[in-house]
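The residues making up each chain are set out below.
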Amino acid sequence: MSGREFSVLMATYGRDDAGHLEQALDSLLGQSLPASEVVLVEDGPIGDAARAVIADRRTALNIQSVVMPRNVGLASALNAGLQRCHHEIVVRFDSDDVALPQRFARQISAFDVSPELDVMGSYAQEMDSAGAPGRIRTMPVSHGAILATLWACPLIHPTVAYRRSRILAIGGYRSDLRRSEDYDLWFRCAKAGMRFANLPEALILHRFDETSHMRHAFRDALERATTGYRGASLLGMPWWKRAACFVPLVRAVLPLPLRHGAYRLLSRFDPRRRGPEV
């Protein structure tokens, strides 16, 4: 099997915007290094418009659909998709983001030259609901820097590629988590001794604006905080890193109009963005 063969793992569900899904899939068509397959999990019933988008691109992208009879949540959907991926390198992608043309080429080449790597992400450029680009989210680059800031989740899930066998060996995603399945996964990857890296360039446009905060309820923020605390404890991190996992709860208790401003303010102190090797 060629080292250049890899799977893309995506999930979509009934509330996703079919236009955003179309942009996401079209960005995969524009890759300089095409994917071997796109495993697309339909997490419960999806609309006619989304089905048409998928059908129009099925052959060109070699889309392998995994249809869930009901909505089971992202973690369970991704676990089902992982079981259907045929290749060792799996590239995660979200159904409302846009992959920049060199994304796959950059990440697959990095795996080729660094066979010790297990999980690899990148920077991401934010875009609003209309697709206008915004700021670039930077992340720590080296394995050591990622481990040191793991409590702050220094990997952007839709930018990540990983080795399928290593993820399956630790049980995949925890299906009892609503929105923190990736955060939890990175802690368990670290506990298993896996090697991390982030490429220091934006490889996707990540949809994020003022309305994004409306999709996250207080219970989601609490779940994320407790997931971080549990993971930091699993790795024996110092008490202040465990306590810092609860800082985002401050934003969650604010009225919706104030949350985006609080996010921007707290971002100034984000330990992930002080530089690639911190």
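Reading the values: the criteria
Residues numbered from 1 in each chain as written. Predicted model: local features only at pLDDT ≥ 70, side-chain atom pairs only at ≥ 80, totals over all residues. Heavy atoms only, no water. Phe/Tyr/Trp six-rings, centres within 6.5 Å; stacked < 30°, edge-to-face > 60°. Helix = DSSP H or I, 4+ residues; strand = E, 2+ residues; numbered from the N terminus. Buried < 20%, exposed > 50% of the residue type's maximum accessible area, 1.4 Å probe, protein only. Lys NZ or Arg CZ within 6 Å of the ring centre and 35° of its normal. Polar contact = N/O pair within 3.5 Å; in protein donor to acceptor, adjacent residues only side chain to side chain. pLDDT = per-residue confidence, 0-100. Contact = heavy atoms within 4.5 Å. Axes fitted to C-alpha atoms, helices over the stretch in contact; angles between N-to-C directions. Parallel < 35°, antiparallel > 145°, perpendicular 65-115°, else oblique. Nonpolar A, V, L, I, M, F, W, Y, C, P; charged D, E, K, R; others polar.

1. Re the packing of aromatic side chains
Alright, step 1. What the rule picks out here adds up to four aromatic pairs.
Alright, step 2. Taken together, a centroid distance of 6.0 Å and an interplanar angle of 75° make the contact between tryptophan 151 and tryptophan 240 edge-to-face. With tryptophan 151 in the loop between helix H5 (143–148) and strand E8 (161–163) and tryptophan 240 in helix H9 (residues 239–244), this residue pair connects regions lying 89 residues apart in the sequence.
Alright, step 3. Classification of tryptophan 240 as partly exposed rests on a relative accessible area of 44%.
Alright, step 4. Geometry around tyrosine 183 places arginine 224 over its ring, the cationic atom sitting 4.5 Å from the centre.

2. Side note on helix H7 (residues 181–191)
Note: α-helices contain 3.6 residues per turn, so residues at a spacing of three or four share the same orientation.
Alright, step 1. Judged by how many residues are buried, H7 sits mostly within the fold: 10 of 11 residues are covered.
Alright, step 2. Among the residues making up H7, those that are buried are Glu181, Asp182, Tyr183, Asp184, Leu185, Trp186, Phe187, Arg188, Cys189 and Ala190.

3. Notes on the side chain of asparagine 198
Alright, step 1. Along the polypeptide, asparagine 198 turns up in strand E9 (residues 196–207).
Alright, step 2. A polar atom in the side chain of asparagine 198 sits 3.2 Å from the backbone nitrogen of serine 122.
Alright, step 3. Among the polar contacts made by the side chain of asparagine 198, one reaches the main-chain carbonyl oxygen of proline 140 at a distance of 2.8 Å.

4. A short note on the confidence of the model for the chain
Alright, step 1. Across the chain, the average pLDDT comes to 90, with 86% of residues at or above 70.
Alright, step 2. Counted against residues more than four places away or in other chains, residues 274–278, with its pLDDT under 50, gives 14 contacts.

5. Section: the packing of H7 against helix H8 (residues 218–234)
Alright, step 1. In the contact formed by H7 and H8, the axes pass within 9 Å of each other and the chain directions differ by 5°. By the angle class used here, H7 and H8 are roughly parallel. Touching Asp182, Tyr183, Asp184, Phe187 and Lys191 of H7 are Arg224, Thr227, Gly228, Arg230, Gly231, Ala232 and Leu234, all from H8.
Alright, step 2. By residue class, the composition of the contact of H7 with H8 is four nonpolar, three polar and five charged.

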